[in-house]
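Residue-level structural notes
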Amino acid sequence: MKELKVLLAASEASPFAKTGGLADVAGSLPAALSKLGVDCRLIIPKYKSVYNMRPNTSKVGEFSVNLAGNVYLGEVEEAKIPKTQASVYFIKNDRFFFRDELYQVKGRDYDDNASRFIFFSRAVLEVMKIIQFKPDIIFANDWQTGLIPAYLKSPLYSDDVFYHGIKTVFSIHNLAYQGIFWHLDMPLTGLGWDYFTPEKIEFYGKINLLKAGIVFADQITTVSPTYAREIQTQEMGCGLEGLLAERSNDLVGIVNGIDYETWNPENDKLIQKTYNSGKSAAGKAKNKLSLLEMFGLPIDDRPLIGIVSRLDEQKGIDLLHNALSEIMGQQVKLVILGKGKPEYEEFLAAAAAKHPDKLGVRIEFNEKIAHQIQAGADIFLMPSKVEPCGLNQLYALRYGTIPVVRKTGGLSDTIIDFDPADGSGNGFVFEEYNPLSMIRAIKRVCETYRAPKLWKKLVNNAMEADFSWNSSAQKYKELFEKVRS
């Protein structure tokens, strides 16, 4: 069979630029597919963070994009994704991408985000000729690349024989973020006003770039089977449930894998003491001690709960807000790492000052501390209101840190409620989205923590679970081959 060629287009990818789970997928999947014999290459913008990393790049060529009569020049550079032979291409335009943050500053979206990512979508298609790579599949991800499927089926590119036969798979990582802009940005797209209709990219009088991807892609994916079903409902469809239901035959959910080299307690250089499943108790005890000292919490054997999260309602932080007094009344300690809405940042900082012996808070995103929480905490709490896939619960399993999650999205597909009667399960799950349900789940996990034999069995179950990219990458390969044919 002819070698499968895939170009993965994304607005972020680890380790170059990251705000969420998309970056982890985009940074890991190309290497995983390469191991399966797929020629998979990555293309992302060249942000300020990429400059700061100083990857070994080589300039491949130059191009231009016309946005509503204004011509913007760009360059394409090539490098390798670290620790792999997979190629990454950087789209360079400092006017659009040389900024401290990827999409917003101080909680406010950049005013020119439409221009920035329309430019990027056009650039992806333009530079394929420059790098002399015609993929079978363009794997476009989230609203920032939503116009790519539309462009390929528009006269802008469909009249060029180079683009004939290229298929698109469009992935939704979080339906809540749709790339909605006012209708006067329509000329930036280069598409005619005949595309500004409810059947195409118009959405309540505005343009919707995520909708463009859903309408025009040959195949749609999202990051878990449960989330694929949820987004077809009025409750979680964010206004696009009807369209997604219409395309349900072309919509499939594939659970994300995680990078088992980066997230590996046996050789993780970011944690205090490495360990494996056979020596998890001793290893986690040393990491727990280090974590307690870092957060200035007293040293004792009370169960330690960890949270690494964006601080907003989607992640269930409102539940935590309403339940924190009750949690602080339990025989537990809690450490929290994250940034988000100012009101939650202020609340948690005040709560940490009020409960200095039970609660430690860091208002930041810090990769090293995230690893240390996974290794040092006993329990990992994810009370998400919406969680398309979730990666932190998978990291927690890998480190023998027991997840407590709400039954939604990918959390439903990856965490099985522990049954002390037969020893099955790898975490604790609660269904209702309310503080009482979450507190009951926390009490259940704490009861199990105080039963050493049960706890050891539970930790073993967690660490034996396999959520590496092996299985997920194989599913993507099979899907891409099906679309190509």
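Please refer to the structure higher up on the page.
Now for a look at the structure at hand. (Residues numbered from 1 in each chain as written. Predicted model: local features only at pLDDT ≥ 70, side-chain atom pairs only at ≥ 80, totals over all residues. Heavy atoms only, no water.)

What follows concerns the state of the cysteines. In this structure the tally under the stated criterion is zero disulfides. The thiol sulfur of C40 is not disulfide-bonded, and the nearest other cysteine sulfur, from C389, lies at 18 Å. Here C40 falls in the buried class, since its relative accessible area comes to 3%. Of the cysteine sulfurs around C238, a residue in no disulfide, the closest is that of C389, at 17 Å. We classify C238 as partly exposed; its relative accessible area is 37%. (Disulfide = S-S within 2.5 Å. Buried < 20%, exposed > 50% of the residue type's maximum accessible area, 1.4 Å probe, protein only.)

This part is about the layout of surface pockets. Of the pockets and cavities examined, the second largest pocket occupies roughly 450 Å³. The wall of the second largest pocket is formed by 21 residues, among which S280, A281, K284, D378 and W455 lie closest to the centre. Going through the elements one at a time, helix 11 (280-294) and helix 18 (452-464) are the ones with two or more residues in the lining of the second largest pocket. (1 Å grid on protein atoms, 1.4 Å probe; cavity = no way out; pocket = protein on both sides within 12 Å on 5 of 7 lines; lining within 4 Å. Points joined across faces, edges and corners; volume = space filled by probe spheres on them. Helix = DSSP H or I, 4+ residues; strand = E, 2+ residues; numbered from the N terminus.)

Contact geometry for helix 1 (residues 21-34) and helix 19 (residues 469-484): axes closest at 9 Å, N-to-C directions at 75°. On the basis of the axis angle, helix 1 is roughly perpendicular to helix 19. Taken together, the residues of helix 19 that come into contact with helix 1 (itself represented by V25, S28, L29, A32 and L33) are W469, A473, Y476, K477 and F480. (Axes fitted to C-alpha atoms, helices over the stretch in contact; angles between N-to-C directions. Parallel < 35°, antiparallel > 145°, perpendicular 65-115°, else oblique. Contact = heavy atoms within 4.5 Å.)

Further remarks concern the environment of S58. Its place among the elements puts S58 in strand 3 (residues 58-67). The exposure class assigned to S58 is partly exposed, which follows from its relative accessible area of 38%. Sequence separation between S58 and Y89 is 31 residues; the distance between their C-alpha atoms is 9.6 Å. Among residues more than four places away in sequence, those in contact with S58 are V76, E77 and E78.

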